[in-house]
Every structure is written in structure tokens, then in C-alpha cells.
Amino acid sequence: MDIQSYTEKNSKAIDMWVGNGWCWGIPISHEIFVKAQNGEWKVVLTPIKSVPKEWFAPYYKESKLNGVKLLGLASGGGQQMPVFAALGADCTILDYSDKQLESEKIVSEREGYKINIVKADMTKRLPFGDNNFDVIFHPVSNCYVEDVYHVWNECYRVLKPGGILIAGMGNSVGYLFNDDYGDENNQLFVVNKFPVNPINDPEWRDKHSDLDDALEFSHTLEEQIGGQLKAGFILTDLYEDLDSGSLLSQKYNFSEYICTRAVKPRLSRGELVK
């Protein structure tokens, strides 16, 4: 299985999820949009905790993001981008799911704002110039790609110096177990080993060969946080979050997600080393 085939499969699986009412594919209401215009808003990278508003500083001024060039990276679904648009941001959404992008179009037409909608595969070079965005908002989605180092390097490239990367990611521990929700007796059993990579593991791939089942990859903290640092980012903050439905989170109170705020320095990497 090559990169092209697995990303195509994942995009089609997500389209099916959205069609079946997936929670991350339900567009926000008009009422939520209006509240955001009036300064009452929140966005999430992960299931429960809201992203701190101070993470958008210094671009967040007087409860607005006026004129801020913001990229929603694999952030389709009509949930976060409409909020940022209501705050005055100049939004671009990149996703590989037609249904997720369709939701973005529906909300933008309903509320009358402009958004640049781009269908693209983030395993490839992003279709943007260098130093283009002030903020990248990247919810949990790199579990669907094999090489996260590429994603962080591309984020670094397209952000302006001083720009902010706000990202959510799984810590991959859930992949060890039989199922996030346990068996019929609410029991968890360790049945898998790391790394989880369906490209290199035919047995794992066969388990998830159904049309509506996406192929996912485990990633280490070295890849996730270390990858951002290797790309050149400076990590400024992070927090953890639970999963709203999994047994691992709800029974054992284990945080399955990490959210990070990182900044592209104004100095070059060479100047920072000196």
C-alpha cells in the first residue's frame, strides 16, 4: 500500500463518517456564529478542553482576530473556521475530505463570509508559499498520516516568522488495547504493539480494511513534540485532554490527547544556534 492509496482511503472513510453524523463533521449553528461575532466563543483541538484564548496572542486584540491570516490544517467540518471568520480572521481551510470541505462552504455561504477552501493532501507539499500565515490551527488529524515530521516542516515553512502553530494530537496509547471502549464487559486488554503502521503491517491493515474504517498510525512524543522542535519551532505551552467517550479516559482518567502552542522564531535557525 502506498501513500496515495491510504490517504485516498482515509478521505473516503471520513466522508462516510460525516454522512453518518460524525461529531467532528457537524457545522456550527447560526446562533454560535453570532455569539462569536459578539465576543462569546470557544474552539477545541481535542474532545473536551477549549483552547486558551491567550494562545492566539499577540494576534488576538480587543476580542478579535481582525486581518489575521489563519490556516485550518486538516480542520474541515464547519466548526472552527466559522468562529475564526466571525472574529475577523482571513481564513484558509485545507482538508482532504470532500464532505468536510462541503460543510465549510455551507456555513460560509449561510453567514456571508469569504474563506479560501483548498482540497489537498497534507502528506504532500502544502500548496502555499513560504512565510504566508500568521496562525496555523491543526486539530487532531496527523494520526491519519505516516510522516508527521513532514507535516511539522511544512507548517514551519508556510508560517511567517513570529507565527503560531496551535496543534492537537493523540499520544497513541489507545492503540495498545482491544478497543477504546473495551469489550462487552468494559474490560481493556493489551493486544497490539508499537509502532502501529498499517502500511508496514498487513495484519493491522486487514483488520481495518472496511470502506468506512480509516487507517491510523501511532506516533511517539519524539515525533510529535520533538518533530516540532526539529522543524525549528519554539514550544511555549501545552495541555492534556481526555477523550469524551473512551473507557481509557472515562474509567481510568487517562489523558489521551496533547495540545501544543509553538512559535516560529523571527530569527533563523542558524542565528538561534549562534
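For the structure, see preceding data.
Residues numbered from 1 in each chain as written. Predicted model: local features only at pLDDT ≥ 70, side-chain atom pairs only at ≥ 80, totals over all residues. Heavy atoms only, no water.

### A few points about helix 7 (residues 221-231)
Here is the rule: Think of it in three bands: with a 1.4 Å probe and only protein chains considered, a residue is buried below 20% of the maximum accessible area for its type, exposed above 50%, and partly exposed in between. Counting from the N terminus, the helices are DSSP H or I runs at least four residues long and the strands are E runs at least two residues long.
Within helix 7, the full set of buried residues consists of E223, Q224, I225, G226, G227, Q228 and A231. A positive backbone phi angle near 120 degrees is found at G232, which sits one or two residues after helix 7.

### Details of the nonpolar core
What counts, and what does not: Definition of nonpolar core: a set of buried residues of the types Ala, Val, Leu, Ile, Met, Phe, Trp, Tyr and Cys, connected through side-chain atoms within 4.5 Å. Contacts were defined at the residue level, with two residues in contact if any of their heavy atoms lie within 4.5 Å.
Core analysis: the largest hydrophobic core is formed by 34 residues, its most contacted members being V51, F56, L65, F84, F137 and I166. For this core, the secondary-structure elements that each account for two or more residues are helix 2 (30-37), helix 3 (80-86), strand 2 (90-95), helix 4 (98-111), strand 4 (133-138), strand 5 (159-170) and strand 7 (257-263). The contact partners of F56, leaving out residues within four places of it in the chain, are W41, V43, V51, L65, F84, F137, I164 and I166.

### Let's talk about the packing of aromatic side chains
Note the threshold: Centre distance within 6.5 Å is the pairing criterion for rings of Phe, Tyr and Trp, where only the six-membered ring of Trp is used; planes under 30 degrees apart are then read as stacked, over 60 as edge-to-face, and the remainder as tilted. Think of it as a cone above the ring: NZ of Lys or CZ of Arg counts as a charge over the ring if it is within 6 Å of the ring centre and within 35 degrees of the ring normal.
In total, this model carries twelve aromatic pairs according to the counting rule given. With centroids separated by 5.1 Å and ring planes inclined at 90 degrees, the aromatic side chains of F128 and F133 adopt a geometry described as edge-to-face. Judged by its relative accessible area of 11%, F128 falls in the buried class. Under the relative-accessibility criterion, F133 is labelled buried at 1%. Put simply, the rings of W41, F56, Y60, F84 and F137 pair up and form one aromatic cluster. A cation over a ring is seen here: K69 above F133, with NZ or CZ 5.6 Å from the ring centre.

### Concerning the sheet that holds strand 5
The line we're drawing: Following DSSP output, two strands are said to pair if at least two bridges run between them. Axis definition: a line fit to C-alpha positions, over the contact stretch in the case of helices; interaxial angles, taken between N-to-C directions, run 0 to 180 degrees.
Read across the sheet, seven strands follow the order 3-2-1-4-5-7-6 without closing on themselves; strand pairing throughout is mixed. Bordering the open sheet on either side are strand 3 (116-119) and strand 6 (234-241), each of which pairs with just one other strand. This sheet shows a mean twist of 15 degrees between the axes of neighbouring strands, independent of strand direction. For strand 1 (residues 69-73) and strand 4, the ladder comprises three bridges, and the chain directions are parallel. Each residue of the ladder has a partner; that of G72, found in strand 4, is F137.

### Section: the pattern of salt bridges
Basically, it comes down to this: One side-chain nitrogen of Lys or Arg within 4 Å of one carboxyl oxygen of Asp or Glu is enough to make a salt bridge.
Throughout the structure, instances matching the rule amount to seven salt bridges. A salt bridge links R110 to E111; its shortest N-O distance comes to 2.7 Å. Overall, the relative accessible area of 15% leaves E111 in the buried class. Residues D121 and K124 are paired through a salt bridge, measuring 3.4 Å at the closest nitrogen-oxygen approach.

### What about the pairing of strand 1?
Put simply, the test is: Seen with its strands pointing away from the viewer, a crossover is right-handed if its path from the first strand over the helix to the second goes clockwise.
Within strand 1, four of the five residues are buried, leaving the element largely enclosed by the surrounding structure. Relative to strand 2, strand 1 is paired through five bridges, and the arrangement is parallel. Bridge pairing in strand 2 places L73 opposite L94. Handedness of the crossover joining strand 1 and strand 2 through helix 3: right-handed.

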